[in-house]
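Structural features, examined
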Amino acid sequence: MPNMTRSPGAELTRMREAAPLVQNITNYVAMNWMANVQLAVGAAPAMIHAPEEAGEFARIAGALTVNIGTLSRSWVEGMRAAADGANAAGRPWVFDPVAVGATSYRRAVARHLMELRPAAVRGNASEIMVLAGQGAGGRGVDSGDPVAAAESAARALALRAGCVVAVTGAEDYATDGERALRVAGGHALMPRITAMGCALTGVVGAFVAGAEDRLAATGAALACFAAAGTRAGRAAEGPGSFQVAFLDALAALDEAVLDEGARVTWE
Amino acid sequence: MPNMTRSPGAELTRMREAAPLVQNITNYVAMNWMANVQLAVGAAPAMIHAPEEAGEFARIAGALTVNIGTLSRSWVEGMRAAADGANAAGRPWVFDPVAVGATSYRRAVARHLMELRPAAVRGNASEIMVLAGQGAGGRGVDSGDPVAAAESAARALALRAGCVVAVTGAEDYATDGERALRVAGGHALMPRITAMGCALTGVVGAFVAGAEDRLAATGAALACFAAAGTRAGRAAEGPGSFQVAFLDALAALDEAVLDEGARVTWE
Amino acid sequence: MPNMTRSPGAELTRMREAAPLVQNITNYVAMNWMANVQLAVGAAPAMIHAPEEAGEFARIAGALTVNIGTLSRSWVEGMRAAADGANAAGRPWVFDPVAVGATSYRRAVARHLMELRPAAVRGNASEIMVLAGQGAGGRGVDSGDPVAAAESAARALALRAGCVVAVTGAEDYATDGERALRVAGGHALMPRITAMGCALTGVVGAFVAGAEDRLAATGAALACFAAAGTRAGRAAEGPGSFQVAFLDALAALDEAVLDEGARVTWE
């Protein structure tokens, strides 16, 4: 059973009061959308990736997120420098293994980054299964597997890597290897908008910054997306108007909207 | 005269049922918009450009698009690796020669990429004329020439390169060197939104994936843009609301909307 | 006192008639938004950054803007090549020192770029203070200081570098070291949208292209943002709908809307 300190609404209030500076090394597709999503939810994004400065910046940020959607050799150097900087400063970092099953280069980079001890990993079912050493991966950036198929992989990965693992899809699942929670809500248009998962990783980053309970923080981030998605879906006539309504809904989130639009179940 | 297998509506249905995975190596300005446009129309975009993985990924994608809007040396390596991979796997790739006339570097890169046998080329009139060896090129990324001025250049280029060539503007023209079609429709706000041409190239990529008739497929892609543009123009109060309405209209496309908003004429 | 040639409306008409080609080397977050903002206001953006072509392109553009939001070594080479090209062709270039106080790499790059004689600099208060050698810089990309705190730094920097310096925030301040102006207007949602400052730098670039009075041109750019922001704020329900309404408002700007939504005061 969740106690009050674990409620998504309480986590949202905590995060907004801190308004954490979140450093993101993410893909080109996601950059603008992710920054706007983080701003809408109440965090302060900064996209800083150059190896010359990524580690220095990670020491002043509240959290770091790393996403391998559009890889390049020099960016991987920056990711490593940033993760090292975050670790040295005791700041959590969140890993998003986009399309990790698609190419051997991607698998190698992901394996390497996992050794740098992320505080949380967020991916779709196929990505989490590949990362856990199960399954062959989805087609491109989409998941070929339902969330349920990745639950045991998520628990195994969480225990092995000592981090929170979130599998997102129609109904989300997050675990620290011992505890677990599910988040229902959202809207069918969400997979029709690019970089929604990437942006969600950014919101997880905002919530784990300074969090006492990283699983509860991750659950609150998932709940924000689910609740805002539910609300945006009501106003939207298609993927264009959904994006607009989604940013508006994220900014308008409060405890009541969260409770109305997202169902979080601990187990 | 078009037969039924060539109708834009039938092509749209075929493309949506396949929901092709389309790999795009495109410019930074276009990335997010292009991915959202491809998702709205019914395809599955993936932006993968690193030389280390671009060729491997091209073998699992249904089609590849390459756009030189924002060039860099390492990206050109990735473009070559991807085009080679697509060719080796027998997958079509579509070339977008953005602003090819603007600098000597751009002309050299475009010349090199044309040798890698694209299945289709989409550009504005100035770009197609430069690529065909005629004309000095437009100002920056905009066309300095009307579509009609590029028709003979398009036919010559199509014959020489053995590909479909689409010249887009107020009224579009596409040819495989022997047959040709024109597409009318769209809206005056379309040139006021960045990366519309780039995104259209992505839609051409989605349609030529697995197509039996690449000219008919290209015509259907152009028709989707024209029809969605016509519809979006009715709802829009400016370029901001046009973008929103355009994505909604692309997702809402069906055969009736296509027939209403776009006029395709074969010749 | 402003004379008629200095009125924002007259500057807007001049800029729109010229429809200047503006080359932008900007960060990945801003690219799409900035291009759409420049198109909405009436300019023609082109994002060209490769060292192989940035200098050549700068000679055909009406103005250049350089933004260090997402740095990389090869991009800095492109920035230098472009600024050299602009200087050689007698075209103005505008510098945006994003988060210059955040890392030592950023400070070094900014110092170097200032030596290439920008025609204008636009930043928030913290950035301008760091660039002028005062203050330690804001947190990440946000300003930790109010505009008023940076006024003397702006004047000193303008005199030392021989350029216009614009400090933007709740009320903007711009100076050439001798004259100064203030622009009030805008809306509280503007800092909740990413890359608004970056896009404003792009609009400054459009206005200083071919301008006789670069301070008046800069003031007109700030006035456009303030007026469009005021108008968009009336229609917006959050940051998503604000973005849409802002682009629509920029495109709908005319002298009357400018006068209604922005207050420009010379001193």
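Definitions and limits used
- Residues numbered from 1 in each chain as written.
- Chains lettered and ligands numbered in written order.
- Predicted model: local features only at pLDDT ≥ 70, side-chain atom pairs only at ≥ 80, totals over all residues.
- Heavy atoms only, no water.
- Phe/Tyr/Trp six-rings, centres within 6.5 Å; stacked < 30°, edge-to-face > 60°.
- Helix = DSSP H or I, 4+ residues; strand = E, 2+ residues; numbered from the N terminus.
- Buried < 20%, exposed > 50% of the residue type's maximum accessible area, 1.4 Å probe, protein only.
- Least-squares fit on C-alpha atoms with pLDDT ≥ 70 in both.
- Contact = heavy atoms within 4.5 Å.
- Buried area = accessible area lost by both parts, 1.4 Å probe.
- Salt bridge = Lys/Arg side-chain N within 4 Å of Asp/Glu carboxyl O.
- Polar contact = N/O pair within 3.5 Å; in protein donor to acceptor, adjacent residues only side chain to side chain.
- Nonpolar A, V, L, I, M, F, W, Y, C, P; charged D, E, K, R; others polar.
- Pairing = 2+ DSSP bridges.
- 1 Å grid on protein atoms, 1.4 Å probe; cavity = no way out; pocket = protein on both sides within 12 Å on 5 of 7 lines; lining within 4 Å.
- Points joined across faces, edges and corners; volume = space filled by probe spheres on them.

Moving on to the packing of aromatic side chains. Geometry of an aromatic ring pair is reported as the spacing of the ring centres plus the angle between the planes. For the structure on display, the rule yields 21 aromatic pairs over all chains. Judged by centre distance (5.2 Å) and plane angle (75°), the ring pair of B:Tyr28 and B:Trp75 falls under edge-to-face. With B:Tyr28 in the loop between strand S1 (21–25) and helix H2 (31–41) and B:Trp75 in helix H4 (residues 73–88), the pair connects residues that are 47 residues apart, well separated along the chain. B:Trp75 matches B:Tyr28 in its accessibility class, with the two residues each being buried. Relative to C:Trp75, the ring of B:Tyr28 has its centre 5.7 Å away and its plane inclined at 50°; by these criteria the two rings are tilted. Of this pair, B:Tyr28 sits in the loop between S1 and H2 while C:Trp75 sits in helix H4 (residues 73–88), each in a different chain. By the ring-pair criterion, three or more aromatic residues cluster together here, those being A:Tyr28, A:Trp75, B:Tyr28, B:Trp75, C:Tyr28 and C:Trp75.

With an RMSD of 0.0 Å, the fit of chain B onto chain A corresponds to turning through 120° and sliding 0.0 Å along the axis. The symmetry that links the two subunits is that of a three-fold axis. Among all residues of chain B, the one whose C-alpha sits closest to the rotation axis is B:Tyr28, at a distance of 3.8 Å. When the interface residues of chain B are mapped onto chain A, a mere 7% of them are again interface residues, pointing to distinct binding faces.

A word on the interface of chain C and chain A. One widely used convention gives an interface's size as the accessible area the parts lose upon coming together. Contacts between the two partners involve 29 residues from chain C, matched on the other side by 29 residues from chain A. Both sides together, the interface formed by chain C and chain A hides about 2300 Å², and carbon and sulfur atoms give 56% of it. At the junction of chain C with chain A, the criterion picks out two salt bridges. A salt bridge links C:Arg106 to A:Glu53; the nearest nitrogen and oxygen atoms lie 2.6 Å apart. On inspection of chain C and its partner chain A, the count reaches 13 residue pairs in polar contact (both at pLDDT 80 or more). Those elements that place two or more of their residues in the side of chain C that touches chain A are helix H5 (104–114) and helix H10 (239–252) of chain C. If you tally residues by element for the side of chain C that touches chain A, the top one is H10(C), at five residues. Split into classes, the residues belonging to the side of chain C that touches chain A amount to 11 nonpolar, 11 polar and seven charged.

So, on to the pairing of strand S7 (residues 172–175) of chain C. Residues and elements named next belong to chain C. The two faces of S7 match: Asp172 and Ala174 on one face and Tyr173 and Thr175 on the other face are all buried. Sheet analysis places S7 next to strand S8 (residues 180–185), joined by four bridges and oriented antiparallel. Bridged to Tyr173 within S8 is Arg182. Taken together, S7 and the strand that follows it, S8, pair antiparallel across an intervening segment of four residues, in which Gly177 is found at a positive phi of about 100°.

The next subject is the pairing of strand S6 (residues 164–167) of chain C. All names here are of chain C. Side chains Val164 and Ala166 project from S6 onto one buried face, and the interleaved Val165 and Val167 project onto a second face that is buried too. Here strand S5 (residues 120–123) runs beside S6; their pairing, made up of four bridges, is parallel. Directly across from Val121, in S6, lies its bridge partner Val165. In terms of strand pairing, S6 meets S7 through three bridges, oriented antiparallel.

With respect to the secondary-structure elements, C:Glu11 resides in helix H1 (residues 8–18). Engagement of the side chain of C:Glu11 in a polar contact is seen with the side chain of C:Arg14, the distance being 2.8 Å.

Residue and element names in this part refer to chain C. Here the phi dihedral of Arg117 falls at roughly 55°; this positive angle occurs in a residue that is not glycine. Its place among the elements puts Arg117 in the loop between H5 and S5. With phi around 65°, Ala195 is a residue other than glycine that occupies positive phi space. Take Ala195: it is sitting in the loop between S8 and helix H8 (196–208).

Attention now moves to the pattern of salt bridges. It is possible for side chains of opposite charge to pair when their charged atoms get near one another. Applying the stated criterion to the full structure yields 24 salt bridges over all chains. Residue B:Arg179 pairs with B:Asp213 through a salt bridge whose shortest N-O separation is 2.9 Å. Here B:Arg179, found in the loop between strand S7 (172–175) and strand S8 (180–185), pairs with B:Asp213, found in the loop between helix H8 (196–208) and helix H9 (214–235); they are 34 residues apart in sequence, far enough to count as distant. Looking at B:Asp213, the relative accessible area reads 18%, which means it is buried. In this structure, C:Glu151 engages C:Arg182 in a salt bridge whose closest nitrogen and oxygen atoms are separated by 2.6 Å.

This part is about empty space enclosed by the protein. What the rule picks out here adds up to five cavities of 30 Å³ or more. Roughly 500 Å³ of volume is contained in the largest cavity. What lines the largest cavity is a set of 29 residues, among which A:Asn32, A:Gln243, B:Gln243, C:Asn32 and C:Gln243 lie closest to the centre. The class makeup of the residues in the lining of the largest cavity is 17 nonpolar, 12 polar and no charged.

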